[in-house]
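Letter by letter, the chains look like this.
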Amino acid sequence: MAHGWNPHQQRFFPRSLLLWAIIIQSLSSIKILSCSSSSLCQHHHIHQQTNRKFEQKTTIFWEFEEESNTWVQVKSPYDLLSCVNNNCTKVGIIEPVNDDDYHDDQTRIELGQEQDLIKIQGPRKKKVKTDEKKSGGLGSRNRISVTKMTDDSIWVTGLSGSIYERFWNGIQWVIAPHELPLQAGYAVSVFLIKHIVLALSEAGILYQMQLNENSQPIWVEFPPILDSSTDIRIKSGVISHDMEKIYFCTKNGLLLELSEITTPRWMNHGKPPGADVAAIVDAPEIRPQVVFTISSSGDLYELDPSSKPMWKKHIWSQESTHDTTLTPMTSCTAHRRSGPHSDSLFLLTKGGNLVERRLHQRKWKWVVHGSPKDQQFTSMTPVTVDETYTSSFSLFLATTSGSIIEYNISKQEGKKTWVNHMHPPHAKVAKGVSGLQLQMSRHIFPLDDGRLGELHQSKTGGDGVGPTPSVNRRRMSTKYTWSIIDAPESEGWNTEYCTEDRGPLNCISGVKDETNDDQTTTRSCRRRSGNNKGQENYYLVSTGSKTKDDAFVDRISSVNVDFRLRVMYEGRSFILVTENGISYEFVNVENVWFWLKHEHAVGMKGVVGSYNGSLFLVNENDDLIVGEREGNEFTWINGSAMKKGRRVVGGPPWDVAPSKAQKVTPDDSMFFVGKSGGLLQLTVALKKLKWKDCRNPSNTKIASIIDQEVFRENIVFVVGTDGHLYQYNKVSGLWHGHHQSRHMVLSKQPGTAMRGSPQSLSGSLFMISEDGRLIEYYWNPMDGWGWVEHGSPYPGVTLVGSTGPCLAGNQLFLIGSDGNVYLRYWDQTLWKWSDCGFPSTGNVSGKNRKGEGCIDQEILVKTRKEYHEETENCDPKVAPTRPIPFTENSVIFELNDGRLAEMRRTENLQWVWWRTIGSPTTRCNAVYWNAAAS
């Protein structure tokens, strides 16, 4: 051979064996042809061939394709043929491997380079499943990491790419934000070395936390300084056991070492010959100065700078057909498990099995521990163990199904047990992400939905229990329980950040406020003392299957009612879609109001959204039409005709609230209800439209969107056709349901979110029940989630349409079945109703049924002078069309006769009818307060 022999290539023996078998088979065929003149020779050769039996020892075979002059992998099943004089006979078959065939086999594997062999009972060969979703498993979670800084401080990078710290302030666990700069992108991990915090972005850039001139923490780039001018991008890192160094693997497969922070000292160790570094599994712990890595092909390597060659490959036996490809991820080490001079490196294979690389008396060997039946491991959590080899030892491993399994090796040699701790109620453990050990018998695991789960022994852990002193293990309970730890709003959850201007009372210092009474201070901490307060309201629901647009027969579309009006520019223009499918814009130019007609080839049903100057309408074919303004005209694009585009029947009820600046981010999206009853996401940032099918809960279709990210960032609340409330988390892509009373059935209309302050997560969702009553679903830190039934304004009056806008953080507009407008508002300590009537000349005195004034008196005088008796085509009562907030002090309603009416809030904070607006299609000419009057 032209190249030198490499002993590390023994792992590929089955493939090379097949290659030589093919060559020998070819030579055998030549031999047959050469002696074909002798019948005796031919008979003798055929007799030898028929007595031979093909024995399959591997699953990978190759054949030479003459047309392409290349080797092509064989797909099983594959017939093996023996051909003589063009007469072919089947002599064997290559069959796919069945997992059960290996269930009770005793597999013989190589234990090390010293060729020691042992027998492992019952390791089952498992094929790696490329799509765990199809087998009920979870998808991989990127960006998530948990890092223990101290006993009372844990840093987390969430699914959203945010960084936050969970720390114990002496009274309760609180969280504080440590976001990377917006231009840095998403964070994936953090490191603490020599009291310096580093963060790694998804783009592969390191950042160091420093204090600016105002003593405020900021992130500063911390790039690797190497001789090479190549731009280095980091993939992951591991801190050394002595906490003096950090080892990084780069995105192009190099191993870097950082040994100093104040005066950075970088060293490039390169990569193994013919391989790369995909993950660092052990920074010098098992052996001094020796780093263990895994390549992208799943091989284990060690780097020892003091030896030659520096890189060495750990190989498996030539005879091993077991699952030997390792998963590139952090491992777990243990010492003196099989004797006073033994070290172990626990690893996972891509088939989901647990294996051990054991060093005992200077000899390496492989030990296969396998996995429980029907389980595949995706990550393991390193634990601090008793170094005495006579004590028990445990590993905690996450499975593809989202459970945690404890692998316990007892004092007695050979006694090994698997204990399934399952997962928290209605939550599963994230796939492929390691947890951490907070303390003995307290373990933190990232959950698939973005929260954290703590697995702890009874009465020794949970969200309300801080770091506790070490407990005598003999007295510790062996029963474990789960507690769910809430996450911040960046992940779509409900924990408030603890900062100087935001969060629970004295959350940073953790001391009581002596200026307040004890009751107030106690209430501020009471929410934190419960383990899972507020978490029990959620239940996980599976995602429905993909459906075609015509697979779901929707109820009568409410687009014409719920989406006839939409604000275009606050206080300057709004859109009206008429019953005959024409869209008009009511515009103010130099204090002159006029109607502007927009032409369409197909009639419109309604306008379902507005974003950054763009309009989103639904036409009569249920296509989503996107309008981009060019001067006074719009350029229309059929969004449903785009790639993965779908037809829609509804959208978000509200855009950005009046007077609030629109926060533009690269992840900005709009959500719509698809004609198939699923939720559709359209990314609209930077005008690069991209569709995503978020589907629907498996037990129902979606009727309407209640709220999109007004009440809670990254959360879309919807009502199902079953009248129940659900939410979709756009960060995790998961659906959750909210428990509600059986007798409470919500209408299929959109709702309204009420959140008094962006600095507080407290707020409410308002919806209308199927029988026309007002329903509130609220959240606050002390009580968690709760339902409130507000009923209706008067006996015999029900609420129609959908809830109206919420202004001033505590005032909600509603429309009654009697055609009146009602205001539900919070008056310091309780909710109250206010009847605002309707803008009719019959109501010209400005009184409602309670005698309260709802019409401005100056306007009233002008109205009497200009009033002409209404025609029979006029109906001044308010229609059930969903009203819109035109400004923070103005609301636009539609009347039954097609006119529009505006209510305004006066200087004394009273809401009054201000004017009516004649629309292009109304047949009522009684405009007794015209647009110019304002």
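Please read all numbers here as calculations on a predicted model, not as lab measurements. (Residues numbered from 1 in each chain as written. Predicted model: local features only at pLDDT ≥ 70, side-chain atom pairs only at ≥ 80, totals over all residues. Heavy atoms only, no water.)

Novice: Describe the overall build of the protein chain, listing the residues and the values that go with them.
Specialist: Scanning the protein chain from terminus to terminus reveals 5 helices and 64 strands. When each of the 934 residues of the protein chain is scored for burial, the buried share is 53%. Taking the contacts inside the protein chain whose residues are at least 6 apart along the sequence as the reference set, 51% of them involve residues at least 24 apart. Of the roughly 44000 Å² of accessible surface on the protein chain, a fraction of 50% belongs to carbon and sulfur atoms. (Helix = DSSP H or I, 4+ residues; strand = E, 2+ residues; numbered from the N terminus. Buried < 20%, exposed > 50% of the residue type's maximum accessible area, 1.4 Å probe, protein only. Contact = heavy atoms within 4.5 Å. Areas by Shrake-Rupley, 256 points an atom, 1.4 Å probe, with all protein chains shown as cover.)

Novice: Before we move on, can you summarise the sheet that holds strand E49 (residues 715–720) with the specific residues and values?
Specialist: Reading across the sheet, the 5 strands line up as E35-E51-E50-E49-E48 and stay open at both edges, with antiparallel pairing between neighbours. A single partner strand is all that each edge strand has here, and the edge strands are strand E35 (538–541) and strand E48 (702–708). On average, adjacent strands in this sheet sit at an angle of 35 degrees to one another, irrespective of strand direction. Across 5 bridges, the pairing between E48 and E49 is antiparallel. The partner of Ser704 across the bridge, within E49, is Val719. (Pairing = 2+ DSSP bridges. Axes fitted to C-alpha atoms, helices over the stretch in contact; angles between N-to-C directions.)

Novice: I'd like to hear about the nonpolar core, residue by residue, with values.
Specialist: Formed by 33 residues in total, the largest nonpolar core has its most connected members in Phe717, Leu725 and Leu765. Sorting the residues of this core by element identifies strand E8 (153–157), strand E9 (163–168), strand E10 (173–177), strand E31 (436–439), E48, E49, strand E53 (763–768) and strand E54 (774–780) as the ones contributing at least two each. Apart from the residues lying within four places of it in its own chain, the contact partners of Leu725 are Ile706, Phe717, Val718, Gly737, His738, Gln740, Leu746, Leu765, Met767, Tyr777 and Trp787. Grouped together as the second largest cluster of nonpolar side chains are 16 residues, Ile234, Leu256, Leu258 and Ile261 included. (Core = buried A, V, L, I, M, F, W, Y, C linked by side-chain atoms within 4.5 Å.)

Novice: Any details on the sheet that holds strand E26 (residues 363–370)? Residues and values, ideally.
Specialist: Strand order in the open sheet formed by 4 strands is E23-E24-E25-E26, with antiparallel pairing between adjacent strands. Both edges of this open sheet fall to strand E23 (332–335) and E26, since each of them pairs with a single strand only. Geometrically, the sheet is characterised by an average inter-axis angle of 20 degrees between neighbouring strands, direction not taken into account. When strand E25 (residues 354–360) meets E26, the two strands line up antiparallel, connected through 7 bridges. Within E26, the residue paired with Arg357 across the bridge is Trp366.

Novice: A description of the pairing of strand E62 (residues 890–894) should follow, citing residues and the corresponding values.
Specialist: Look at any regular strand and the pattern is simple: side chains alternate between the two faces of the sheet. Within E62, 5 of the 5 residues are buried, which leaves it mostly tucked inside the rest of the structure. Of the two faces of E62, the one lined by Ser890, Ile892 and Glu894 and the one lined by Val891 and Phe893 are each fully buried. Taken together, the 3 bridges between strand E61 (residues 884–887) and E62 define a ladder with antiparallel strand orientation. Its bridge partner being in E62, Ile884 is matched across the sheet by Ile892. What sits between E61 and E62 in their antiparallel hairpin is a turn of 2 residues. Here 5 bridges tie E62 to strand E63 (residues 900–905), and the two strands are oriented antiparallel to one another. Bridge pairing in E63 links Ser890 to Arg904. The antiparallel pairing of E62 with E63 creates a hairpin that spans 5 residues between the two strands, and Gly898 there sits at a positive phi of about 95 degrees.

Novice: With reference to specific residues and values, describe a positive patch on the surface.
Specialist: A cluster of like positive charges, contributed by Lys546, Lys643, Lys644 and Lys690, occupies part of the molecular surface. With respect to the element layout, Lys644 can be found in the loop between strand E43 (633–638) and strand E44 (648–650). (Patch = residues over 30% accessible without salt bridge, like charges linked within 9 Å, V, L, I, M, F, W, Y side chains within 5 Å. Salt bridge = Lys/Arg side-chain N within 4 Å of Asp/Glu carboxyl O. Lys, Arg positive; Asp, Glu negative; His and termini not counted. Charge placed at Lys NZ, Arg CZ, Asp CG, Glu CD.)

Novice: How would you sum up the confidence of the model for the protein chain? Please name residues and give values.
Specialist: When pLDDT is averaged across the protein chain, the result is 81; 76% of the residues are at 70 or more. Taken as a whole, residues 98–136 scores under 50 in pLDDT and shows 91 contacts with residues more than four places along the chain or in a different chain. Confidence drops under a pLDDT of 50 for residues 842–847, and excluding neighbours within four residues, the segment shows 15 contacts in the predicted structure. (pLDDT = per-residue confidence, 0-100.)

Novice: Please give an account of the state of the cysteines that cites residues and values.
Specialist: Counted under the stated rule, the structure contains 1 disulfide. What pairs with Cys874 in a disulfide is Cys924, and their sulfur atoms sit 1.7 Å apart. Handedness of the Cys874-Cys924 disulfide follows from its S-S torsion of about 95 degrees: it is right-handed. With Cys874 in the loop between helix H5 (857–866) and E61 and Cys924 in the segment after strand E64 (911–917), this residue pair connects regions lying 50 residues apart in the sequence. For the pair Cys874 and Cys924, a shared accessibility class is recorded, and that class is buried. (Disulfide = S-S within 2.5 Å.)

Novice: Provide a residue-level description of the packing of aromatic side chains, including the pertinent values.
Specialist: Taken as a whole and judged by the stated rule, the model has 36 aromatic pairs. For the pair Phe574 and Phe586, a centre-to-centre distance of 5.5 Å together with 55 degrees between the ring planes defines the contact as tilted. Residue Phe574 is located in strand E37 (residues 573–577), and its partner Phe586 is located in strand E38 (residues 583–589); the two are separated by 12 residues in the primary sequence. For the pair formed by Phe574 and Phe586, the shared burial category is buried. (Phe/Tyr/Trp six-rings, centres within 6.5 Å; stacked < 30°, edge-to-face > 60°.)

Novice: Can you break down the side chain of Thr381 residue by residue, with the values?
Specialist: With respect to the helices and strands, Thr381 occurs in strand E27 (residues 377–381). The exposure class assigned to Thr381 is buried, which follows from its relative accessible area of 2%. Side-chain polar atoms of Thr381 contact the backbone nitrogen of Gly435, separated by 3.0 Å. Among residues more than four places away in sequence, those in contact with Thr381 are Leu395, Phe396, Ser434, Gly435, Leu436, Gln437 and Phe445. (Polar contact = N/O pair within 3.5 Å; in protein donor to acceptor, adjacent residues only side chain to side chain.)

Novice: Any details on the pairing of strand E39 (residues 592–598)? Residues and values, ideally.
Specialist: Bridge count between E38 and E39: 7 bridges; the pairing is antiparallel. The residue of E39 that forms the bridge with Val589 is Val592. Linking two consecutive strands that pair antiparallel, namely E38 and E39, is a turn of 2 residues; a positive phi of about 50 degrees is found at Glu590 within it.

Novice: Account for the pattern of salt bridges, with residues named and values stated.
Specialist: Counted under the stated rule, the structure contains 29 salt bridges. Among the ionic pairs, Asp448 bridges to Arg141, the shortest N-O distance being 2.7 Å. In this pair, Asp448 is assigned in the loop between strand E32 (442–446) and strand E33 (452–457) and Arg141 in the loop between strand E6 (117–121) and strand E7 (145–150), connecting sequence segments 307 residues apart. A salt bridge links Arg647 to Asp623; the shortest N-O distance between them is 3.7 Å. Here Asp623 lies in the loop between strand E41 (614–619) and strand E42 (624–630) and Arg647 lies in the loop between E43 and E44, a separation of 24 residues in the sequence. Residues joined in a network through salt bridges with shared partners are Lys194, Glu244 and Glu260.

Novice: Residue-level account of the environment of His341, with values.
Specialist: Its place among the elements puts His341 in the loop between E23 and strand E24 (342–348). Sequence-wise, His341 and Gln361 are 20 residues apart; in three dimensions their C-alpha atoms are separated by 6.2 Å. In this structure His341 touches Leu359, His360 and Gln361, once residues within four positions along its chain are discounted.

Novice: Any chance you could break down the environment of Thr921 for me, citing the residues and the numbers?
Specialist: Note on placement: Thr921 falls in the segment after E64. For the pair Thr921 and Gly898, spaced 23 residues apart in sequence, the C-alpha separation works out to 6.9 Å. Look past the residues within four positions of Thr921 in its chain and what remains in contact with it is Thr578 and Tyr584.

Novice: Outline unusual backbone geometry, supporting the account with residue identities and numerical values.
Specialist: The omega angle of the peptide bond from Lys308 to Pro309 is -5 degrees, so this bond is cis rather than trans. Looking at where Pro309 falls in the secondary structure, it is placed in the loop between strand E21 (300–303) and strand E22 (311–314). Positive phi, close to 50 degrees, is recorded for Glu590, a residue that is not glycine. Mapped onto the elements, Glu590 comes out in the loop between E38 and E39. A relative accessible area of 76% places Glu590 in the exposed class.

Novice: Describe a nonpolar patch on the surface, listing the residues and the values that go with them.
Specialist: A contiguous nonpolar patch, built from Val589, Val592 and Phe594 and spanning about 240 Å² of accessible area, is present on the exposed surface. Counting through the fold element by element, Phe594 comes out in strand E39. Classification of Phe594 as partly exposed rests on a relative accessible area of 35%.

Novice: Report on the side chain of Ser640, specifying residues and quantitative values.
Specialist: Within the element layout of this structure, Ser640 appears in the loop between E43 and E44. Among the polar contacts listed, one links the side chain of Ser640 to the backbone nitrogen of Leu624, at a separation of 2.8 Å. Reaching out from Ser640, the side chain makes a polar contact with the backbone oxygen of Arg646 at a distance of 2.8 Å.

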